[in-house]
Each structure stands twice: as structure tokens, then as C-alpha cells.
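Residue strings, one per chain:
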Amino acid sequence: MNEPIIKFEKVIKRFGEVTVLDELDFNVRKGEKVTIIGPSGSGKSTVLRILMTLETINDGVIHVAGKPLWHQYKDDQLVPASEAHLREMRKEMGMVFQQFNLFPHMTVRRNITEAPVHVLGLSKEKANQRAEEYLDLVGLADQADKFPSQLSGGQQQRVAIARALAMKPNIMLFDEPTSALDPELVGEVLNVIQRLAGEQDLTMLLVTHEMQFAKQISDRVCFFDKGRIVEEGPPEQVFKEPREERTQEFLKGFINPD
Ligand SMILES: Nc1ncnc2c1ncn2[C@@H]1O[C@H](COP(=O)(O)OP(=O)(O)OP(=O)(O)O)[C@@H](O)[C@H]1O
């Protein structure tokens, strides 16, 4: 578990005049489960969106699975990545968003098979098998023929998780996956994520405000503020004995995750 599968080196991200990531250095090792916490606007989601290539970077270098993400090598020089390179890199990662982002006009099954068929080139039959396998994993084997609008928010989010997993990514990114859900539906989604966290080889990077959950599943918690990591460590340390004043202040706003 030592080799970093995600490596940010001095990454700068600006939106106009605002510096959202400020020379960020950040590593995640293969198989590690890492949670990012921090105040609103501290750059947490931006980290995930940059990894999914939904946002570019202004400076610095990111490596994913040993390959540069936003760059590629040409005659030993790092040059901006081509669209083909970005497409390849995206296959390393699956992302689950706050809003489930399912295609409303497609059945649950089609939502899951679409990318395996069109991006990975799987046969329809193979993709359908995968859909069944992952729907089973998220406890929705009997919902394949429904449309998203016929499902609860918790079920839709579980479909979104199955959809990301069906691409067999090495890294799963979760961006506040329960914050759009009614409180009574949060548990079923957290249960699925918790089960995934039991998979040793799967690397997980999660942005959440669910501190209790972060404590349960994370190997490491990173506290972000103003586009930098202020403090990081095992959840027991960060939650129980935060060293930095800013972490202490932030955690005061939450019920002690004990
Ligand atoms: N596309 C964009 N254009 C302009 N500003 C943006 C854009 N996306 C994000 N920002 C700004 O960048 C900053 C960091 O956003 P980000 O979503 O990463 O924060 P966050 O830590 O995830 O916050 P939250 O907990 O509220 O989701 C915020 O000030 C946000 O307004």
C-alpha cells in the first residue's frame, strides 16, 4: 500500500482572480481510503473534479497510476495532454456526485451499460451481465427495468455507484454522496460505500460532511482550508486530537464523531 496512485505536486487552480488550490501537494496510496473534510469553498470538490478531468489546472503536475494526468510525455518533455490521453486516464477513475446525474430517459440497466458499451467497447451482453452484477452489489437487482424517476434518491445514488463501478475503475471518487438525500435515505448509501471500503485494492477518495462515517471508513482524513492541506492523519487523531487550531475550530461545528 505504499505506492502513490494519486500524486498532486504544487498544483495551482484558479477561478478568475480566486486561487482555489494553492500549490497543493497531496498523495493517495493504492488501496487507501482517504476522506477530505473542510469548510465550504476550501477546494475539496475541485480536487475530485480535476481528477475526473472536469476542470483543468493552472500549474503543477498530477500523476495518476504513475502517468501524468493533465500532461503527457513527448520527447521526454511534459506537454499538455491530448484528448486521447485524457480519455485513457479517465478509465482509472469513477466518480459519484452529490446529484446522482443519472440519464432520466434511460432505464437503470441502460444507465449502467452505456459507458461500458460505448467507452470500453463491451458487447451488450457482457455489459448487461456487469449491470446485473453491480446492481446486485448495491442491493437493486430487481430495479433494472425502472427509470430513475421511479426510484428514491437513495436508490438513485446506489445506481450511480453501480454505474461508476461497472467501468471497473481502480479509484472511486465520491463528492458528498449523501448531502442531497433525505436523512432517512443516507444510511443505505453509506452502507454501500462502507462495503466498498472493505475492498482492499480499491482506492477511495471521498469528500464528505458525515464525520462519523469518515471516521469509520477512512485510513486517513485530510483537513483542507483555502486550497491547502492544513492537517492530515488517521481519523482517531484528526477527530480526537486535532493539532491545528483551524481544524479544531472547524470540528467544533460538528457533533463529536464518537
Ligand atoms: N466553475 C467555477 N467557476 C468559478 N468558481 C468556481 C467554480 N467551481 C468552484 N468555484 C469556486 O472555487 C471555490 C472552491 O470550490 P469547491 O467546490 O472546490 O469547494 P468545496 O470545498 O468543495 O466546497 P463545498 O463544501 O461548499 O462543496 C469556491 O469558492 C467556489 O465558488
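Conventions we followed
Residues numbered from 1 in each chain as written. Predicted model: local features only at pLDDT ≥ 70, side-chain atom pairs only at ≥ 80, totals over all residues. Heavy atoms only, no water. UniProt positions renumbered as here; feature names shortened; annotations may be inferred. Helix = DSSP H or I, 4+ residues; strand = E, 2+ residues; numbered from the N terminus. Salt bridge = Lys/Arg side-chain N within 4 Å of Asp/Glu carboxyl O. Buried < 20%, exposed > 50% of the residue type's maximum accessible area, 1.4 Å probe, protein only. Near = heavy atom within 4 Å. Polar contact = N/O pair within 3.5 Å; in protein donor to acceptor, adjacent residues only side chain to side chain. Areas by Shrake-Rupley, 256 points an atom, 1.4 Å probe, with all protein chains shown as cover. Contact = heavy atoms within 4.5 Å. Pairing = 2+ DSSP bridges. Axes fitted to C-alpha atoms, helices over the stretch in contact; angles between N-to-C directions.

### Topic: the UniProt feature "domain: ABC transporter" (unreviewed entry) in the protein chain
Then, number 1: Mapped onto this structure's residue numbering, the UniProt feature "domain: ABC transporter" (unreviewed entry) falls at residues 6-251.
Then, number 2: End-to-end, the C-alpha atoms of residues 6-251 are 26 Å apart, and along that stretch the chain is 36% helix and 28% strand.

### Overview of the pattern of salt bridges
Then, number 1: Scanning all chains against the criterion turns up 15 salt bridges.
Then, number 2: The salt bridge partner of Lys13 is Glu55, with a shortest N-O separation of 3.9 Å. Of this pair, Lys13 sits in strand β1 (residues 4-15) while Glu55 sits in the loop between α1 (44-51) and β4 (59-64); the two residues are 42 residues apart in sequence, bridging distant segments of the chain. Assigned by exposure class, Lys13 and Glu55 land together as buried.
Then, number 3: Between Glu188 and Arg158 there is a salt bridge, and its shortest N-O distance comes to 2.9 Å. Taken together, the positions of Glu188 in helix α6 (residues 183-197) and Arg158 in helix α5 (residues 153-165) put the pair 30 residues apart, joining distant regions of the chain.
Then, number 4: Judged by relative accessible area, Glu188 falls into the partly exposed class, the value being 23%.
Then, number 5: A single network of salt bridges, built from pairs that share partners, joins Arg29, Glu32, Arg220 and Glu232.

### So, the site of the ligand
Then, number 1: Near the ligand there are 13 residues, and of these Ser40, Gly41, Lys44, Ser45 and Thr46 occur at the shortest range.
Then, number 2: Ser42 is positioned such that a nitrogen or oxygen atom in its backbone is 3.1 Å from an oxygen atom of the ligand.
Then, number 3: Between Gly43 and the ligand, the recorded distance is 3.1 Å, taken from a backbone N or O atom to an oxygen atom.
Then, number 4: When the free accessible area of the ligand is taken as 640 Å², the share hidden by the protein chains comes to 58%.
Then, number 5: In terms of residue count, the dominant contributor to the shell around the ligand is α1 (three residues).

### Details of helix α3 (residues 108-118)
Since there are 3.6 residues in each turn of an α-helix, residues three or four apart along the chain are aligned in direction.
Then, number 1: Within α3, burial applies to Val108, Asn111, Ile112, Thr113, Glu114 and Pro116.
Then, number 2: Residues of α3 that are buried in the fold lie against α4 (124-137) and α5.

### Observations regarding the sheet that holds strand β3 (residues 33-37)
Backbone hydrogen bonds hold the strands of a sheet together, and the pairing may be parallel or antiparallel.
Then, number 1: Strand order in the open sheet formed by six strands is β8-β9-β10-β3-β11-β12, and the pairing between neighbours is mixed. Only two strands of the sheet have a single partner each, and these edge strands are β8 (93-96) and β12 (228-233). Here the strands of the sheet are splayed against their neighbours by 20° on average, with no regard to which way each runs.
Then, number 2: With five bridges connecting them, strand β9 (residues 171-175) and strand β10 (residues 203-207) associate as parallel partners. Looking at β10, one finds that Met172 is bridged to Met204.
Then, number 3: Its contacts with the sheet put α1 on β3, β8, β9, β10 and β11 (220-225), and the angle it makes with β10 is roughly 140°.
Then, number 4: Here α5 sits on the sheet and contacts β8 and β9; the angle it forms with β8, its principal contact strand, is near 170°.

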